[in-house]
Amino acid sequence: MGKVFVIGIGPGGEDYMTPAAREGIMSSDVIIGYKTYIDLIRPILGDKRVIDSGMKREIERCSLAIDLAEEGHTVALVSSGDPGIYGMAGAVLEVKGEKNSPIEIEVIPGVTAVSAAAAVLGAPLMHDFAVISLSDLLTDWDVIKKRLQLGAEGDFVIALYNPKSKGRVTQIEEARDIMLQHRKKETPVGIVRNAKRRGEEVIITTLGEMLNHSIDMLTMVIIGNSNSFIQDGKIITPRGYHL
Ligand SMILES: C[S@@+](CC[C@H](N)C(=O)[O-])C[C@H]1O[C@@H](n2cnc3c(N)ncnc32)[C@H](O)[C@@H]1O
């Protein structure tokens, strides 16, 4: 009986992949993942069997990983960032249950986009924060709006995954409007594209101005709380120390 590793490869830069993730990949003989992620780790794959597939085939990928493990293979199912954060870990465990499969599944965490982006911006997550995905492909927009509303009311720093895509452009505008009902337009906002990987771009702006900047699916948006401030080009959310 083989095994499935569900591996977070981090944000993309080679230095940000953990030794455990690298080891999991090295000890696997089949690597499965979305093509973009496979391409990020291609240099360390050597002549391993690689199965890459399109974005919307997550369940097939999980099912295939389990079938191959049952045949005796050690399989690495790779996700960007952390596989347990909008990644593949949940789906593969659900599919294992569905198939009633006895194979072992080991989840290896990775540096998730919000940590990578926060590091680029300075220290915006030093106090309570909420992570919200603006993708309404699998979640009703009303539910997402409610979470934005409550996060804004609770004065959480808000980190937005999947902020905008080619076909999904109004959600970020609505999210900004909800935030503005509870926060000043001067509230610091960080927009990081390709955090900790090739092509990194950083913008530090405000809630009032954030929509004047380019935001897409390779971007993470972090909106400060009522105490966040900008200093020397970095966003800081104070922890509350008395300096
Ligand atoms: C489906 S989620 C996957 C998240 C991933 N499992 C993680 O832990 O980072 C994809 C979204 O994560 C964000 N993202 C992932 N990697 C990023 C990076 N290096 N820089 C900025 N945003 C990133 C973007 O918002 C993107 O639309």
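What counts as what
- Residues numbered from 1 in each chain as written.
- Predicted model: local features only at pLDDT ≥ 70, side-chain atom pairs only at ≥ 80, totals over all residues.
- Heavy atoms only, no water.
- Pairing = 2+ DSSP bridges.
- Helix = DSSP H or I, 4+ residues; strand = E, 2+ residues; numbered from the N terminus.
- Axes fitted to C-alpha atoms, helices over the stretch in contact; angles between N-to-C directions.
- Contact = heavy atoms within 4.5 Å.
- Buried < 20%, exposed > 50% of the residue type's maximum accessible area, 1.4 Å probe, protein only.
- Polar contact = N/O pair within 3.5 Å; in protein donor to acceptor, adjacent residues only side chain to side chain.
- Near = heavy atom within 4 Å.
- Nonpolar A, V, L, I, M, F, W, Y, C, P; charged D, E, K, R; others polar.
- Domains from an automatic or database assignment.
- Arc of directions from axis to C-beta.
- Parallel < 35°, antiparallel > 145°, perpendicular 65-115°, else oblique.
- Left-handed = near helix turned anticlockwise from the far one by under 90°.
- Right-handed = clockwise from strand over helix to strand, strands pointing away.
- Buried area = accessible area lost by both parts, 1.4 Å probe.

In spatial order, the strands read β3-β2-β4-β1-β5; together these five strands make up an open sheet with parallel pairing. With one partner strand each, in any of the chains shown, β3 (49-53) and β5 (104-108) form the two edges of the open sheet. On average, adjacent strands in this sheet sit at an angle of 20° to one another, irrespective of strand direction. Running at roughly 145° to strand β1 (residues 3-8), helix α1 (residues 19-26) makes contact with β1, β2 (30-34), β4 (74-79) and β5 of the sheet.

The next thing to look at is the side chain of S228. Residue position: S228 is located in the loop between β11 (219-223) and β12 (229-231). When its relative accessible area of 9% is taken as the criterion, S228 is described as buried. Polar side-chain contacts of S228 include one of 2.8 Å to the backbone nitrogen of N225. A polar contact of 2.8 Å, which involves the side chain of S228, links it to the side chain of T237. Those residues in contact with S228 that lie beyond four places of it in its chain are V157, P188, I236, T237 and P238.

What follows covers the site of the ligand. Near the ligand there are 19 residues, and of these D82, I85, T112, M217 and T219 occur at the shortest range. With respect to the ligand, the side chain of T112 contributes an N or O atom lying 2.6 Å from an oxygen atom. Residue A113 places a main-chain N or O atom 2.9 Å away from an oxygen atom belonging to the ligand. The class makeup of the residues in the shell around the ligand is 11 nonpolar, six polar and two charged. When residues are assigned to domains, the shell around the ligand turns out to be shared by domain 1 (3-111) and domain 2 (114-236), each giving three or more.

Because each turn of an α-helix spans 3.6 residues, side chains separated by three or four positions in sequence point in the same direction. Residues of helix α7 (residues 171-180) that are buried: Q171, I172, A175, R176, I178 and M179. Down the axis of α7, the buried side of the element spans an arc of 160°, and every buried residue falls inside it. Packed against the buried residues of α7 are α6 (141-153), β8 (157-161) and β11.

On to the sheet that holds strand β13 (residues 234-236), then. Within a beta sheet, neighbouring strands are joined by backbone hydrogen bonds and run either parallel or antiparallel to one another. Across the sheet, three strands lie side by side as β6-β13-β12; this open sheet has mixed pairing. Edge strands, defined here as strands with exactly one partner in the open sheet, are β6 (122-123) and β12. Bridge analysis of β6 against β13 gives two bridges, and the strand direction is parallel. Opposite A123, over in β13, you have I236 as the bridge partner.

With that out of the way, let us pick up the packing of α6 against α7. Orientation of α6 relative to α7, taken along the N-to-C sense of each, is 30°, at an axis distance of 9 Å. Taken together, the axes of α6 and α7 are roughly parallel relative to one another. The crossing of α6 and α7 is right-handed. Of the residues in α7, those touching α6 at W141, K145, L148, Q149 and A152 are Q171, E174, A175, I178 and M179. The residue makeup of the contact of α6 with α7, split by class, is six nonpolar, two polar and two charged.

Here the focus is the pairing of β3. Where β2 and β3 come together, five bridges link them in parallel fashion. By the bridge assignment, Y34 is partnered in β3 with S53. Regarding topology, helix α2 (residues 35-41) serves as the crossover connection from β2 to the parallel β3, and that connection is right-handed.

Here the chain is described as being made up of domain 1 (3-111) and domain 2 (114-236). Relative placement of domain 1 and domain 2: their C-alpha centres are 28 Å apart. At the interface, seven residues of domain 1 touch nine residues of domain 2. Carbon and sulfur atoms supply 65% of the area that domain 1 and domain 2 bury against each other, a total of about 680 Å² over both sides. The three residues of domain 1 that bury the most area against domain 2 are P11, Y16 and Y86, which together make up 64% of that side's buried surface. Applying the counting rule to domain 1 against domain 2 returns three residue pairs in polar contact (both at pLDDT 80 or more). When grouped by side-chain class, the residues that make up the side of domain 1 that touches domain 2 number five nonpolar, two polar and no charged.

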